[in-house]
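# Structure at a glance
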Amino acid sequence: MKLLCFLYLLLTLWSCGEKTDYDQLPQALELVLIDSVEIIQSNGFLTKPSDATLINDTLIGVESFHSRGVWVFDIRSGKEVSSITNGQEKGINLLPTKVHWFEYPMVYVFEGTSKKIHQFNLSKELEVGQKHVNTISLAPPNDIRFKPLMLGLFSKDQDHFFIEHSTNQTTFTSNKFYNLTDKLIGKYDLKGNFIENSISFPHELREMNKFIAPGKIFTSGFTHHQEMMISFPFTESISIFQTDNLTKTLENISFPKSRHFIYDIPFLEFEVENIPGTLVHHPEPHYFSDFKVYEDGFVLQSFMKDQKSPQATNNMSHILKYNNIEKTWSETINSFKFLDFGHIAGIKNDTLYIVDAALVSKDNKYIKRAILKPIEE
């Protein structure tokens, strides 16, 4: 009996001392800037990028809802390779919500406001006015609208488009919005015909009684292997699907605890007024940019408003990195002001590429290179 009690005591002490992976902070990283090149434009209108994407070893794509255009730059020289801005191609009133870059030089520009997808050829050999290939008019269900801004999901596989759906039965600020939207992802054929809806909002959103500040509530991404990644950060997990079957989850990845990111949603007691141009200070959920996928995993860039001091106007940002081979997380030990840093475009051979073109704290625009260096705390 004494021996059994002793073994039980040892087992209890060992269990209490052991920490699960979830309880441990991820490997700390130091963001080290290597160099930068100044962006040199032929169409000098780019400001406030909505997103940036690493196309290949030498090119980077940039889109802007604010500047109403799409640009491609050479990573090494910073020179513009090709671009499309509002009104240049057959008078198209260009207002990009999201751009699909996987088939470059053929790109697909989704416009939530006009319910259209414009297909362009961005080959550098083509002159202005020669780049428009096709325009596809979308036919969503009657109770569905598309998000007009750059926060919506959009991508394409060989045979289909995938677009984020929103209900038109209520406003984005309503706590009924998530329940009435029902299914989040709309699937369309290449002619713009609606096929089916998939993936519901989590029950925490569909059944909530309080309110959330309107904004980006989930993160998405697509791989070259026809896989879709979806995450609602407050669930602290990532779901991966094959695009030909969005009803079956291929894999779930759990988020780690973070030094900076707050996964919980700051619920509000009252509905937030959504009046354009009105500066309202209220707590907002932290969110991530799209998944930037590379050979061994992916990186995420956070956007974090101070929830205790919502009057602060400058979002902070940091980087989370996941290694799919080792199944490990790491994150930058420091956060930084997003407007001074820029948009992460992607990662290649452990080198991070960043587009800094907000023109808020500096007059010039840059493509930066950085590495994420592991450090011991």
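Note that the coordinates shown come from a computational prediction; the quantities given were computed from them, not determined experimentally.

Below, the discussion takes up the overall build of the protein. Per the secondary structure count, the protein includes 4 helices and 29 strands. For 377 residues, the compact-globule formula gives about 21 Å, and the C-alpha radius of gyration of the protein, at 22 Å, lands near that figure. If you line up the protein on its principal axes, its C-alpha atoms span 90 × 50 × 40 Å. Of all intrachain contacts in the protein linking residues separated by at least 6 positions in sequence, the fraction that spans at least 24 positions is 54%. Split by element, the accessible area of the protein, about 18500 Å² in all, is 51% carbon and sulfur.

On to the environment of Ala28, then. Within the secondary structure, Ala28 is located in strand S1 (residues 27-38). Here Ala28 falls in the buried class, since its relative accessible area comes to 3%. Between the C-alpha atoms of Ala28 and Glu377, which are 349 residues apart in sequence, the distance is 7.2 Å. If we ignore the near neighbours within four places in the chain, the residues touching Ala28 are Arg259, Glu331, Ile333, Lys373, Pro374, Ile375 and Glu377.

This paragraph deals with the sheet that holds strand S17 (residues 227-231). Strand order in the open sheet formed by 4 strands is S16-S17-S18-S19, and the pairing between neighbours is antiparallel. For this open sheet the edge positions go to strand S16 (219-222) and strand S19 (245-254), each flanked by a neighbour on one side alone. Averaged over neighbouring strand pairs, the angle between their axes works out to 25° when direction is ignored. Both S16 and S17 contribute to a ladder of 4 bridges, which runs antiparallel. By the bridge assignment, Thr219 is partnered in S17 with Ser231.

The next thing to look at is the pattern of salt bridges. Evaluation of the coordinates by the stated rule reveals 16 salt bridges. Between Glu103 and Lys156 there is a salt bridge whose closest N-O contact spans 2.6 Å. Separated by 53 residues along the polypeptide, Glu103 in the loop between strand S6 (98-100) and strand S7 (106-111) and Lys156 in strand S11 (residues 154-156) bring together distant segments of the chain. Since its relative accessible area comes to 10%, Lys156 is described here as buried. Within this structure, Asp57, Glu295 and Lys348 form a network of salt bridges that share partners.

Turning to the sheet that holds strand S15 (residues 194-200), a few remarks are in order. Here we have 4 strands laid out as an open sheet, ordered S11-S12-S14-S15, and antiparallel in their pairing. Two strands close off the open sheet at either side, each with one partner strand: S11 and S15. Taken over all neighbouring pairs, the strand axes of this sheet differ in orientation by 20° on average, direction set aside. Two elements, strand S14 (residues 183-189) and S15, share 5 bridges in a ladder whose sense is antiparallel.

On to unusual backbone geometry. Of the consecutive residues Tyr104 and Pro105, the connecting peptide bond is found in the cis state with omega at 15°. Residue Glu236 is not a glycine yet carries a positive backbone phi of 60°. Within the element layout of this structure, Glu236 appears in the loop between S17 and strand S18 (237-242). With a phi angle near 70°, Asp350 is a residue other than glycine that sits in the positive phi range. Counting through the fold element by element, Asp350 comes out in the loop between strand S27 (343-348) and strand S28 (351-356). On the accessibility criterion, Asp350 (52% relative accessible area) is exposed.

Let's shift gears to the pairing of S19. Where S18 meets S19, 6 bridges bridge the pair, whose relative direction is antiparallel. The residue bridging Gln242 from the neighbouring strand is Asn245, located in S19. Between S18 and the antiparallel strand that follows it, S19, lie 2 residues.

For the rest of this paragraph, the subject is the environment of Met106. Of note, Met106 is situated in strand S7. A sequence separation of 264 residues divides Met106 from Ala370, and the C-alpha atoms of the two residues are 28 Å apart. When near neighbours in sequence (up to four residues on either side) are disregarded, Met106 contacts His100, Gln119, Phe120, Asn121 and Val133.

This part takes up the packing of aromatic side chains. Applying the stated criterion across every chain, the model contains 26 aromatic pairs. Considering the side-chain rings of Phe177 and Tyr178, the 5.1 Å spacing of their centres and the 85° angle between planes classify their relative orientation as edge-to-face. Judged by relative accessible area, which is 3%, Phe177 ranks as buried. Exposure remark for Tyr178: the relative accessible area of 5% places this residue in the buried category. An aromatic cluster is present here, built from Phe255, Phe261, Tyr263, Phe288, Phe291, Phe298, Tyr322 and Trp329 joined pairwise through their rings. Cation over ring: Arg145 sits above Phe172, and NZ or CZ is 4.3 Å from the ring centre.

We now examine the side chain of Ser166. Position of Ser166 among the secondary structure elements: in strand S13 (residues 166-167). Look past the residues within four positions of Ser166 in its chain and what remains in contact with it is Asp143, Ile144, Arg145, Lys147, Phe172, Phe177 and Thr181.

What counts as what
Residues numbered from 1 in each chain as written. Predicted model: local features only at pLDDT ≥ 70, side-chain atom pairs only at ≥ 80, totals over all residues. Heavy atoms only, no water. Helix = DSSP H or I, 4+ residues; strand = E, 2+ residues; numbered from the N terminus. Rg over C-alpha atoms; globule rule 2.2 N^0.38 Å. Contact = heavy atoms within 4.5 Å. Areas by Shrake-Rupley, 256 points an atom, 1.4 Å probe, with all protein chains shown as cover. Buried < 20%, exposed > 50% of the residue type's maximum accessible area, 1.4 Å probe, protein only. Pairing = 2+ DSSP bridges. Axes fitted to C-alpha atoms, helices over the stretch in contact; angles between N-to-C directions. Salt bridge = Lys/Arg side-chain N within 4 Å of Asp/Glu carboxyl O. Phe/Tyr/Trp six-rings, centres within 6.5 Å; stacked < 30°, edge-to-face > 60°. Lys NZ or Arg CZ within 6 Å of the ring centre and 35° of its normal.

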